[in-house]
Every structure is written in structure tokens, then in C-alpha cells.
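Structural characterization, general
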Amino acid sequence: MYRRSFGATRVPVPVIGQGTWHIDGADRTDAVRALRAGIDAGMTHIDTAEMYGDAEAIVGVAIADCREEVFLVSKVVPGNATRRGVGRACEASLRRLGTDRLDCYLLHWPGQHPLEETFAGFEDLRRAGKILSWGVSNFDVGDLDRALAIAGPDRIACNQVLYHLNERAIEHAVLPWCERQGVAMVGYSPFGSGDFPDPASPGGRVLRQVADAHGTTPYAVALAFLTRLPGTFTIPKSVRPARTLENAKAADLQLSPAEIALIDAHFPRGPRPRMLPML
Ligand code: NAP
């Protein structure tokens, strides 16, 4: 599994990780099996959140005997993100996950509490060894500028943002900002949260053509495209081991410049929207 240095942490993290939103809607045993299959295939970056229902507890079961191998990320909702609230939310996540530390802890999206408060809470947790690093999610460039001014350099490990073939807004400004500042860019919902390009559409046919040339699937081609740029990571979710293994293979898929240009032409990034899109 191909790894990249994860922003300021410098930890080598697999470019293809695993999402966990809605895994609690599936059979629990299947969800645990899929996560385990992914970990065994090298998808050791696991993304969860206090907001994802029972997902943290399911992740806890899946990582119980392989915690050391996992780069574990969870998130605090903005409503809990006061200095003390961050501490309480983190303790609750650690309990549900059955671990004593997170590798990275994120603010789920910008909210009502001052970032100074939230980041002070993150730093308290970091000093206490409860989290090894922290970052943000759904931050546009203005939010990132403010965050950097408060946190200083080498503190914000990542920005987790919406990024799939039909939603490439982050390429305009957020991704260049992250590259300049050495902040990892973790793209979420790489399959459009289940709304993947129709195989009969022109774009769908291009994905199939590229996939056939590499003996892989259109889903793996999408993941390879979404992690083609430096500093980028992605976190597909699946509760099916066979699909998880297919997704893992994308990390070793090298798209040629001509294939990248073809995909780019069929899934254009479009104009820069006024607001950063999020789910
Ligand atoms: P996604 O990964 O874009 O898509 C998941 C859907 O694709 C599921 O229906 C899954 O079905 C299906 N799928 C997965 N692999 C497949 C394959 N190889 N072939 C066919 N279908 C496949 O959706 P997502 O869950 O929205 O995003 C991924 C993760 O990003 C989340 O789980 C969460 O951890 C994170 N996220 C973060 C935020 C944020 O605000 N920071 C927001 C949204 C999501 P099965 O499970 O049945 O296989």
C-alpha cells in the first residue's frame, strides 16, 4: 500500500483509507469484517466521528487486536468544540473506540465556538497524549487562513474535504493552500456517497475503458485519480470485504498522463463555487 507523509505529523499514512459513516446501518459482523479486510490490505487509515452513531464502537471491535497498526482519526462536532468540550468529547470517543489515544482529531466543520478555544482544547489533549495530532474538516481558504494565524505553522495536520469526480471544487484554492502549507488533504465521499457515475454515461464509459486497460474497476480508477496529486488521501467507505479489497488496490494503480487527461476532460472541475461544498 502506497503511503504519504501526513502533513505536519510526517507519519507515513496509506493514501487509501477507510470511511465509517453509516457502517452502523449494516450488519455489525459484516462491517467489522470489511474494516479488518481493509486493515490487512494496508488501509490502516480509519476515519470516524462522534457524529457517526455506533461507528466508533464498531471500529473499536475491528481494531481491538491491531490498534498499533492503525492511524485512527475521529472528529468533534462544532457544538462540542469549546476548550473543555473538546476534552469531554475526545474522552467519550476514546471510550467508544476502546483505545487510549487518537492519531488525529478533527473539528468536523467550522462552527460557533472561537477557533482559539477549540485549538486550545486540542493542544491540551495533545500534551496529555490523548491525541497525537489534530486538524480540521470542511475548511475553506478563509477558514484555513484564520486557523493558521491562530495555530501557527506545523500544527494543522490535515483538512478533510468533499472530493469526488463530480465535485472538484477544492482543486481551485483549498488544495493549493494545503500543498503550500504542508497540510494533508483528505478527500471524503470519493464515490459521491454512493452516487457514482452511471456506467452508461460518457464519463462512466471512460472509467470502464481505463479500468479494463489496468484489469481493475472504475471505482479503483476514481480513487487513483483522486489521489494523483501530492499530499492527497482518500477514505472510501464499504461494508463489503470484496469491495474494500478492490478499493485497496487503487493505491498501486498508476494512471498515465493521457488517462488522467481523459478523466479530467469527462469530469471537469468547473468554475470555483462561492462556498466550499460539503455534505
Ligand atoms: P463514499 O465512500 O463516497 O461511498 C460509499 C458508497 O459506495 C457506499 O454505498 C458503498 O456501498 C459504495 N461502495 C464502496 N466501495 C465500492 C465499490 N468498490 N464498488 C461499488 N460500490 C462501492 O461515501 P461516504 O461514506 O460519504 O464517504 C466516505 C467517508 O468519508 C465516510 O464514511 C466518512 O468517514 C467520511 N466523510 C466525512 C465527512 C466530513 O464532513 N468530514 C462527510 C462525509 C463523509 P457498500 O458499503 O454497500 O459497499
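In short, a report on the structure. (Residues numbered from 1 in each chain as written. Predicted model: local features only at pLDDT ≥ 70, side-chain atom pairs only at ≥ 80, totals over all residues. Heavy atoms only, no water.)

1. Remarks on the overall build of the protein chain
Rules: A run of H or I in DSSP counts as a helix once it spans at least four residues, and a run of E counts as a strand once it spans at least two, with each numbered from the N terminus. For the radius of gyration, the atoms used are the C-alpha atoms, and the globule rule reads 2.2 Å times the number of residues raised to 0.38. Only protein chains enter the accessibility calculation, which uses a 1.4 Å probe; a residue whose area is less than 20% of its type maximum is buried, one above 50% is exposed, and one in between is partly exposed. Any two residues whose heavy atoms approach within 4.5 Å at even a single point are treated as in contact. Computed with the Shrake-Rupley method and a 1.4 Å probe, the accessible areas treat only the protein chains shown as cover for residues. His is not counted, nor are the chain ends, whereas Lys and Arg count as positive and Asp and Glu as negative. A single reference atom marks each charge: NZ on Lys, CZ on Arg, CG on Asp, CD on Glu.
The helix and strand tally for the protein chain stands at 10 helices and 9 strands. The C-alpha atoms of the protein chain give 18 Å as radius of gyration, which agrees with the globular expectation for 279 residues (19 Å, within 12%). Taking the principal axes of the C-alpha coordinates as reference, the protein chain spans close to 50 × 40 × 30 Å. Across the 279 residues of the protein chain, 56% fall into the buried class. When contacts within the protein chain are restricted to residue pairs at least 6 apart in sequence, those whose partners lie at least 24 apart make up 78%. Working note: accessible area of the protein chain is about 12,000 Å², and carbon and sulfur atoms make up 51% of it. Across the protein chain, 31 positive and 32 negative side-chain charges occur, with their mean positions spaced 2 Å apart.

2. Things to note about empty space enclosed by the protein
Rule in force here: Definitions used for this entry: grid spacing 1 Å over protein atoms alone; cavity, a set of points where a 1.4 Å probe fits but cannot get out; pocket, an open set with protein on both sides within 12 Å along at least 5 of 7 lines; lining residue, one with an atom within 4 Å of a point. Grid points are joined across faces, edges and corners, and a volume is the space filled by probe spheres set on the points. Three classes are used, and their members are as follows: Ala, Val, Leu, Ile, Met, Phe, Trp, Tyr, Cys and Pro are nonpolar, Asp, Glu, Lys and Arg are charged, and the others, Gly among them, are polar.
A full pass over the atoms with the stated rule returns 3 cavities of 30 Å³ or more. One number sums up the size of the largest cavity: a volume of about 60 Å³. Lining the largest cavity are Asp140, Ala169, His172, Ala173, Val174, Arg272, Pro273, Met275, Leu276 and Pro277. Here the lining of the largest cavity is built from residues that sort into 7 nonpolar, 1 polar and 2 charged. Within this model, the second largest cavity holds a volume of roughly 40 Å³. Lining the second largest cavity we find Gln18, Gly19, Met43, Pro236, Lys237, Ser238, Thr244 and Asn247. A class-by-class count of the residues in the lining of the second largest cavity yields 2 nonpolar, 5 polar and 1 charged.

3. Things to note about the side chain of Thr20
Tracing the sequence through the fold places Thr20 in the loop between strand 2 (12–14) and helix 1 (28–40). Aside from chain neighbours lying at most four places away, what touches Thr20 is Leu35, Ile46, Asp47, Thr48, Tyr52, Ala55, Val59 and Lys237.

4. Some points on the site of the ligand
Formally: One heavy atom suffices: a residue is near a molecule or strand as soon as one of its heavy atoms comes within 4 Å of it. What qualifies as a polar contact is a pair of N or O atoms within 3.5 Å, subject to a donor-acceptor requirement within protein and to the restriction that residues adjacent in sequence count only when both atoms come from side chains.
Taken together, 28 residues lie around the ligand, and Asp47, Ser189, Phe191, Ser193 and Ser238 are the ones closest in. A distance of 2.9 Å is found between a nitrogen atom of the ligand and a side-chain nitrogen or oxygen belonging to Ser137. A distance of 2.7 Å is found between an oxygen atom of the ligand and a backbone nitrogen or oxygen belonging to Phe191. A total of 910 Å² of accessible area belongs to the ligand in isolation, and the protein chains cover 91% of it. Element by element, the count of residues in the shell around the ligand is highest for helix 9 (residues 241–249), at 3 residues.

5. Re the side chain of Glu167
Spelled out, the test is: We count a salt bridge whenever a side-chain nitrogen from Lys or Arg sits within 4 Å of a carboxyl oxygen from Asp or Glu.
Tracing the backbone through its elements, the reader meets Glu167 in the loop between strand 7 (156–162) and helix 6 (174–181). As a buried residue without a salt bridge, Glu167 has its nearest oppositely charged side chain in Arg168, at a separation of 8.5 Å. Among the polar contacts made by the side chain of Glu167, one reaches the main-chain amide nitrogen of Ala169 at a distance of 3.1 Å. Dropping the residues within four chain positions of it, Glu167 is found in contact with Leu162 and Pro277.

6. Describing unusual backbone geometry
The phi dihedral of Asp154 is positive, around 60 degrees, even though this residue is not glycine. With respect to the helices and strands, the residue Asp154 is situated in the loop between helix 5 (141–151) and strand 7. Accessibility expressed as a relative area gives 47% for Asp154, which makes it partly exposed. The residue Ser193 is not glycine, and still its phi comes out positive at about 60 degrees. Position of Ser193 among the secondary structure elements: in the loop between strand 8 (184–188) and helix 7 (202–214). Residue Ser193 is classed as partly exposed on the basis of its relative accessible area, which comes to 48%.

7. Looking at helix 5
For clarity, the threshold we go by: Arc definition: directions from the helix axis to the C-beta atoms.
Residues of helix 5 that are buried: Val141, Asp143, Leu144 and Ala147. End-on view of helix 5: buried residues confined to an arc of 150 degrees, all on one side of the axis. Of the surrounding elements, those touching the buried residues of helix 5 are helix 4 (115–127), strand 6 (134–137), strand 7 and helix 6. Just past helix 5, the residue Gly152 takes up positive phi, approximately 80 degrees.

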